[in-house]
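# Coordinates in review
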Amino acid sequence: MSYAIETPTSQLWLSSRRDPSDAARYTAPGEDRILSYTNLKLALSLVPLLWSRFALLFWQGGHRTRLLAFALSKILKGFLPAAKIWASSALLDEVQASFGASKDEDVDQGKIIRLAISSLVISAGNSILDFLSTNNNVIVKHHVDHQVERLYMSSQLSLDIPTLSDPTVSALIYEAGCFAGFESRTSRPGMGSSMTGRMRSRPGAFLTLSQLLNSVTLSVEVVTASALLFRTLSTALEQMQTQTHEKDRDAVSLLFGISTKSVILLVLCFLPSVLSLSGTLFSLSVPLKPKGKLAAPGKLKNNPGISESESHARRETGYEVQHMKVLGKNGKYKQEVVLFGLKEWILTKWEGLVNLQMETEMAHRGRLGWMLVSFRVSEEAVQTAFLALLALRSFGTSISLGSIRLYQSTASSLLGSLRSLTRSLQQSVQSLFYMAAFFEAIDMTAILEEKGRRALKVSSGNVVDYETTRLPGGMRIEARNLGFTYPGQQEPVLRDINLVVEPGSTVAIVGLNGGGKTTLVKVLMGLYDHTGDLLINGHPAEAFPSKQLHARTTCCFQDHGKYQLTLQENIGIGNVDMIDSRVDIDRAIVKGGAESVRDRVGLGGKLDDVGVPKVLNETVTKDVRKAHDADTRPSDDKPGSSAGLRFRGRGKGSTASSDVGKDTPPSSASQRTSLSGGQWQRVALARAFLRADDADLVVFDEPSASLDPQAEQALFKRVHALSSGEDGKRTTTIFISHRIQTVRRADKIVVVENGTIIESGPHDALMAMKGRYAEFFNLQREGFD
Ligand SMILES: Nc1ncnc2c1ncn2[C@@H]1O[C@H](COP(=O)(O)OP(=O)(O)OP(=O)(O)O)[C@@H](O)[C@H]1O
């Protein structure tokens, strides 16, 4: 089941991602849309759907007076450029008039003072508005961004695995992240400071408001500059009409009242600004065209946009470059880098990838880059030619240089504002799409929850309260013709799964690598969507609120989390209600066999998942580093190092041996301790055991893969105790193991191969069948003989 794009907002958002040249394809998430008529229409359709929610977001963010001050200061700034030009030109006129005046009385002193005061007021107003805008910006930004980030994180945390695996949802979540400032958007060449390069930035909600306000400010600028231009042009025309000589009169002069040369002069004044605006419009409206060997053969002609797959390939290259850098600096890989002599290989591969990135970038600059350069060069050429022609007196006009300059700067101010407005509109349009993705993401219902609702609607049933169905021996699970396909994959990973797990029984799952064991247990735990039927205590799994099912399930995952938190937190997150209960955590530690880890690290000791000591505090002095190095002797050299710790930091108040058995962390807050694979596994087991008391289903995925034989034996004793009721309560237990010796005691052994169950039953029955299980068992036994 994939996520249904049903709401008008999500449909408009999806349409905006369509490739301009191939509607069946979508551009990569975070990639800027072009400024086209279609996209403008889509953005305008979004405005009535989003504006009230957007406004509410800021209104509820608090600091309303500051918000109003910020918005007003931005909008009022739109009036200033024209006002400035007007005041300075009027003052200039008075200066010119004063030069021509023969007597002091002819100079209008009052007007000059008024104009000078106006100029001053405008400048002061500009500074005050700047102050209001920057002063309020920080507080409003902090509150709004904080609120948006919280909403975004909360929506991500409440979505389930199938929802997040859906490609459309992941694109939506990515673009919602651009709005929330979590993800970066890729600007088109020609935007921002880089004329041809692609830029990445993290917009954030506040920036969206700024962009929208900028569009309003620039619109005000355009209107006021147009009015001023009209006034300046009328004055220039009047001057030219009176100055046109008889000999210059022609058809044009009959029409406009001025000579052809004067018209050319006016056009040339205007042309550089027009060229500059055209360059911007061109860069925003032309789809990027991949060139050269990076574009797929045969695709170039029909496919001018960047396809999702091309963007994906580019991102992949980016990840690989990053990974090569990590290989170079991360101690986790150091031993293999040293032992296998990977230095040259890493450097060569990194260089190759960086070159590929460069080639890709160059290919995408292509035609667009050259066109933008042509626009710039033409702009400069026209400007220079115009001045040269003026110097050569080619226009035969006696209009003053000041008037020409005034006309030119008004025209340039208008077109400059238009150019900025176009850019700002493009960014606002883009932000509207991100905003649509954001509001859609925070309204999203997880696929499994939605599926449950639909199932209940179809069967007219009610939600089943899991607590009312609880059985004394634990959870009963039944799968009927169960199937599962990973999102985006064609082939199912699980098919025709028929299985009954009785309450309080122990089921072991065995099989070859990649057979589907892990996927099967995750589906049985209700983490993935599936086809066929899954019954829990006799009711369809969808009928239960998934939170209730999860609350009665615990699992030690094969790819368990290694959280960069304290040991107590690493275990406590298994049941956050108990995170502060040392008694419960200590009990879980004993069950998970993690006593040695606690004794060495302390409950408050911070853990790290890298294999070498790491000092997080970058300001730490060299001496402190030396102290760490001295303390990083191989663990075997140290007394009582059976836990295999590779590093113990020496923190304030702790010595090499004094903290053994105590809760105090051995290191300061800036130091973390790395654990071995087996130690991490014990921590993960303790985490799973912490919620086992409340659980009706306990799942272990290869729980002893990193354990020594003693620990493995002790663990399986505890695993079987769960279903035998030795701890006073029986629990259904499912575990995956490759060690056949550990599964023979299970009530039922299930052999999974190629995504389906090929054999199932107790050990003796399977041995008697002489099938796959018997083959595994005999193979492993031979290994011991
Ligand atoms: N997130 C995923 N997306 C797509 N395919 C996946 C994903 N996870 C696993 N697979 C594929 O599903 C198949 C079954 O994987 P699974 O991890 O369930 O096998 P397994 O039997 O547990 O293997 P192992 O014994 O190695 O742990 C494999 O072919 C794997 O490539």
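Counting from 1, residues in each chain are numbered in the order their sequence is written. Residues qualify for local features only when their pLDDT is at least 70, as the model is predicted, and side-chain atom pairs are given and counted only at 80 or more; totals for whole chains, interfaces and linings, by contrast, use all residues. The side-chain quantities take in all heavy atoms of the structure and omit both hydrogens and water.

- Within an unreviewed UniProt entry, the label attached to the chain reads ABC transporter domain-containing protein, and the organism entered is Filobasidium floriforme.

### Comments concerning the site of the ligand
- By convention in this text, a residue qualifies as near a molecule or strand provided that one of its non-hydrogen atoms is within 4 Å of it. The ligand sits among 13 residues. The nearest are Gly514, Gly516, Lys517, Thr518 and Thr519.
- N or O atoms closer than or at 3.5 Å make up a polar contact, with two conditions inside protein: a donor-capable atom paired with an acceptor-capable one, and, for residues adjacent in sequence, both atoms drawn from side chains. Here an oxygen atom of the ligand sits 3.0 Å away from a polar atom, N or O, in the side chain of Asn513.
- In this structure, Gly515 approaches the ligand through a main-chain N or O atom, which is 3.1 Å from an oxygen atom.
- Charged means Asp, Glu, Lys or Arg here, nonpolar means Ala, Val, Leu, Ile, Met, Phe, Trp, Tyr, Cys or Pro, and polar covers whatever is left, Gly included. A breakdown of the residues in the shell around the ligand according to their chemical character gives 3 nonpolar, 8 polar and 2 charged.

### Section: helix 24 (residues 709-724)
- The secondary structure listing takes helices from DSSP runs of H or I that are at least 4 residues long and strands from runs of E that are at least 2 residues long, numbered from the N terminus. Each helix should span, by expectation, one fewer than its residue count multiplied by 1.5 Å. The first and last C-alpha atoms of helix 24 sit 22 Å apart over 16 residues, in line with the 22 Å expected at 1.5 Å per residue.
- Residue Gly725 follows helix 24 closely and has a positive phi angle near 80°.

### Some details on unusual backbone geometry
- Its identity is not glycine, yet Asn754 carries a phi of approximately 45°, on the positive side.
- Tracing the backbone shows Asn754 in the loop between strand 16 (748-753) and strand 17 (756-761).
- Its identity is not glycine, yet Lys770 carries a phi of approximately 55°, on the positive side.
- Examined against the element boundaries, Lys770 turns out to sit in the loop between helix 26 (763-769) and helix 27 (772-784).
- Three exposure classes are used, based on accessible area relative to the maximum for each residue type with a 1.4 Å probe and protein chains only: buried under 20%, partly exposed in between, and exposed over 50%. For Lys770, a relative accessible area of 69% gives the class exposed.

### Some thoughts on the pattern of salt bridges
- In what follows, salt bridge is the name for a side-chain nitrogen of Lys or Arg lying within 4 Å of a carboxyl oxygen of Asp or Glu. Under the definition given, this model contains 19 salt bridges.
- One salt-bridge network, held together by shared partners, links Glu467, Arg470, Arg552 and Asp696.

### Remarks on the layout of surface pockets
- The way it works is a 1 Å grid over only the protein atoms, where trapped points that fit a 1.4 Å probe form a cavity and open points with protein on both sides within 12 Å along at least five of seven lines form a pocket, and then any residue with an atom within 4 Å of a point lines it. Grid points are joined across faces, edges and corners, and a volume is the space filled by probe spheres set on the points. Of the pockets and cavities examined, the largest pocket occupies roughly 1400 Å³.
- In terms of lining residues, the largest pocket is bounded by 36 residues, among which Leu157, Leu527, His550, Phe557 and Arg691 are the most central.
- Within the residue set of the lining of the largest pocket, elements represented by two or more residues are helix 5 (109-158), helix 6 (161-165), helix 15 (447-458), helix 18 (546-551), strand 10 (553-556) and helix 23 (677-690).
- Looking at the lining of the largest pocket residue by residue, the class counts come to 18 nonpolar, 11 polar and 7 charged.
- Domain delimitation in this document rests on an assignment produced automatically or drawn from a domain database. Among the domains, domain 1 (1-239 + 403-461) and domain 2 (466-552 + 695-785) are the pair contributing at least three residues each to the lining of the largest pocket.

### Some details on the sheet that holds strand 16
- Pairing in this open sheet of 6 strands is mixed, and the strands run 10-14-15-7-16-17 from one edge to the other. This sheet does not close on itself; its edge strands, each paired only once, are strand 10 and strand 17. Taken pair by pair, the neighbouring strands of this sheet meet at an average axis angle of 15°, ignoring direction.
- Strands are treated as partners if at least two bridges between them are detected by DSSP. When strand 7 (residues 506-510) meets strand 16, the two strands line up parallel, connected through 4 bridges. From the neighbouring strand, Ala508 faces strand 16, where its bridge partner is Ile749.
- Only heavy atoms enter the contact rule, under which two residues are in contact if any of them lie within 4.5 Å. The convention used is that axes are lines fitted to C-alpha atoms, helices contributing only their stretch in contact, and that angles between N-to-C directions extend from 0 to 180 degrees. Across the sheet, helix 17 (residues 517-524) is in contact with strand 7, strand 14 (697-701), strand 15 (732-736) and strand 16; its angle to strand 15 comes to roughly 155°.
- Across the sheet, helix 23 is in contact with strand 10 and strand 14; its angle to strand 10 comes to roughly 175°.

### What about the confidence of the model for the chain?
- The score called pLDDT rates the predictor's confidence residue by residue, from a low of 0 to a high of 100. Looking at the chain, the pLDDT average stands at 76 and 73% of residues meet or exceed 70.
- Considering only residues more than four positions removed or in separate chains, one finds that residues 189-198, a stretch of pLDDT under 50, has 35 contacts.
- pLDDT under 50 marks residues 289-306. Its contacts with residues more than four places away, or in other chains, come to 47 contacts.

### Considering the sheet that holds strand 9 (residues 539-540)
- Taking strand neighbours across the sheet as the criterion, the 4 strands line up as 6-5-8-9 in an open arrangement whose pairing is antiparallel. On the outer flanks of this sheet lie strand 6 (494-501) and strand 9, each paired with one strand and no other.
- In the sheet, strand 8 (residues 531-536) pairs with strand 9 via 2 bridges, with the strands oriented antiparallel. Looking across to strand 9, one finds that Ile536 is bridged to His539.
- Lying on the sheet, helix 17 is in contact with strand 5 (477-484), strand 6 and strand 8; it crosses strand 5 at an angle near 120°.

### Regarding the pairing of strand 17
- Summarising the sheet, strand 16 and strand 17 pair through 5 bridges and their orientation is antiparallel. The partner of Glu753 across the bridge, within strand 17, is Thr756.

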